[in-house]
Amino acid sequence: MKNKFSMLTIAIAASLGLVACGGTTESAGDNIKIGMMTDSGTIDDKSFNQATWEGIKRYESENGTIVAQYIKPIGETTADYMQAADDLITAGNQMIIAPGFKFDEAITKLQEQYPDIKFVMIDGQPEEVAENTIAIYFAEHEAGFLAGITAALETKTGKVGFIGGMKSESIEKFGYGYVTGVAYANKHFGTNAEVVDYLYNGTFTDVAGGQAQAGSMYDKGIDIIFTAAGRVGSGVITEAKTRTEAGDKVYVIGVDVDQYEDGIYNQETNESVILTSALKRVDNASYTKVDEFINGTFTGGEVITMTAEVDGVGLPETNPNLTTETQETVNELLANIKAGNLVIPSTEADVQSFLSEMGYQGAKINF
């Protein structure tokens, strides 16, 4: 118990120190405290946690009416998550944002235990969503589809791959979209691309494992890998950099945030191994919900999905490694998705039907 308490104290102290380093005074004054619990990984995971935190910090920076604080739970059990939330609430946080399906059970209990606290869940939801809670999902399959289009149009070998983290609904939808995008491009744009490898790492933290999986794929002639795997993707990017510096031409499609800078291997020319990134605007979700809370318009008891139509998903506006033709094609398809003229399948059964309709000739994928 002593060690557990010490670790928790260190986590809270670290988070408070980070907030103070961000230019926020230690005393909240009249400002409202907004807390966040991190999912697997760290606050600077270049992905899901970081994007959520950046949305909160952006609101803090632009408005000055809140003090942001995060905590990394000491473990990944429901008890660990509830303890982390208890500490945030004891510290005076009036809203808690929790990104990730692992918080489902904890928030189910917490929302009842603390009816005056607002909870925002991202990519997960309690058994019943109470009036003080909102659950937010994303149309990852739409962003994945656009990523698949770019892979099919830009591959030089005709071989592309996918690496997911832990198998979950959101990661599966990224993969579904990616495969359907490749199939759509083959059917409508004359490409001949195949998803040769479709793998899961099983974690969001195994950096070395991600690099090894990427190495195996590149050895097979795959030249573009889409990774939706948290910090596992850092290993994929490292492998792509190593090979590019050795003279190979391989790319990675990033996820959640624009990862172009993470893939830069030549500081003088600003060249990067990131072909593009499948954006999931988690930052917009956290920013918006904080804004609603501050302005008294927060509506709980809901489950919402952020789609391309509301700019919840998409690709970066600027993609230096895409040709002009590919960017124009993506822009046109995105407009069709937003208008409802192009519907991307989001379940395995619908994906299989879509692939059949597109006449996809690749090897059978074990989704």
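Just above sits the structure.
Residues numbered from 1 in each chain as written. Predicted model: local features only at pLDDT ≥ 70, side-chain atom pairs only at ≥ 80, totals over all residues. Heavy atoms only, no water.

Draft legend 1. The arrangement of helix α10 (residues 324-339) in detail. With 16 residues, α10 ought to run about 22 Å at 1.5 Å a step, and its terminal C-alpha atoms sit 23 Å apart, in line with that. Of the residues making up α10, those classed as buried are Thr 326, Gln 327, Thr 329, Val 330, Leu 333, Leu 334 and Ile 337. Across the axial projection of α10, the buried residues extend over an arc of 160°, all falling on one side. For α10, the exposed residues set more than 90 degrees away from the buried face come down to Thr 324, Glu 325, Glu 332 and Ala 339. Turning to α10, the residues buried within the fold contact α5 (140-154) and α6 (169-189). Where α10 terminates, the next one or two residues include Gly 340, which has phi positive at roughly 85°. (Helix = DSSP H or I, 4+ residues; strand = E, 2+ residues; numbered from the N terminus. Expected span 1.5 Å × (residues − 1). Buried < 20%, exposed > 50% of the residue type's maximum accessible area, 1.4 Å probe, protein only. Arc of directions from axis to C-beta. Contact = heavy atoms within 4.5 Å.)

Draft legend 2. Local environment of the side chain of Ser 286. Relative to the elements of secondary structure, Ser 286 occurs in helix α9 (residues 282-294). Not counting the four nearest positions on each side in its chain, Ser 286 is found in contact with Ala 51, Thr 52, Gly 55, Ile 56 and Ile 97.

Draft legend 3. Structural view of helix α4 (residues 104-113). Those residues of α4 that fall on the buried side of the exposure criterion are Ala 106, Ile 107, Thr 108, Leu 110 and Gln 111. Where α4 is buried, its residues contact β1 (32-37), α3 (78-90), β3 (93-99), β4 (118-122) and β5 (133-138).

Draft legend 4. Highlighting the packing of aromatic side chains. Within the structure shown, the criterion is met by 14 aromatic pairs. An angle of 50° between the planes, with centres 4.5 Å apart, marks the rings of Tyr 81 and Phe 103 as tilted. Here Tyr 81, found in helix α3, pairs with Phe 103, found in the loop between β3 and α4; they are 22 residues apart in sequence, far enough to count as distant. With a centroid separation of 6.2 Å and an interplanar angle of 85°, the aromatic rings of Phe 162 and Tyr 200 are classed as edge-to-face. Highlighted residues: Phe 162 in strand β6 (residues 159-164) and Tyr 200 in strand β7 (residues 194-200), separated in sequence by 38 residues. For the cation-ring pair, Arg 58 lies above Tyr 287, with the distance from its terminal atom to the ring centre recorded as 4.4 Å. (Phe/Tyr/Trp six-rings, centres within 6.5 Å; stacked < 30°, edge-to-face > 60°. Lys NZ or Arg CZ within 6 Å of the ring centre and 35° of its normal.)

Draft legend 5. How the structure looks around the sheet that holds strand β2 (residues 66-71). Taken in spatial order, the six strands of this open sheet run β2-β1-β3-β4-β5-β13, and their pairing is parallel. At either margin of the open sheet sits one strand with a lone partner, and together these are β2 and β13 (302-306). Averaged over neighbouring strand pairs, the angle between their axes works out to 20° when direction is ignored. Across five bridges, β5 lies against β13 in parallel orientation. Across the sheet, Ile 136 pairs through a bridge with Ile 304, a residue of β13. Along the sheet, helix α2 (residues 48-63) contacts β1, β2, β3 and β4; its crossing angle with β2, the most-contacted strand, is approximately 160°. (Pairing = 2+ DSSP bridges. Axes fitted to C-alpha atoms, helices over the stretch in contact; angles between N-to-C directions.)

Draft legend 6. How the structure looks around the nonpolar core. Within the largest apolar cluster, 73 residues are counted, with the highest numbers of intra-cluster contacts made by Phe 145, Tyr 178 and Phe 226. Top contributing element to this core by residue count: α6, with nine residues. When neighbours within four sequence positions are excluded, Tyr 178 is seen to be in contact with Gly 144, Phe 145, Ala 147, Gly 148, Ala 151, Val 160, Gly 161, Phe 162, Ile 224, Phe 226 and Ile 253. (Core = buried A, V, L, I, M, F, W, Y, C linked by side-chain atoms within 4.5 Å.)

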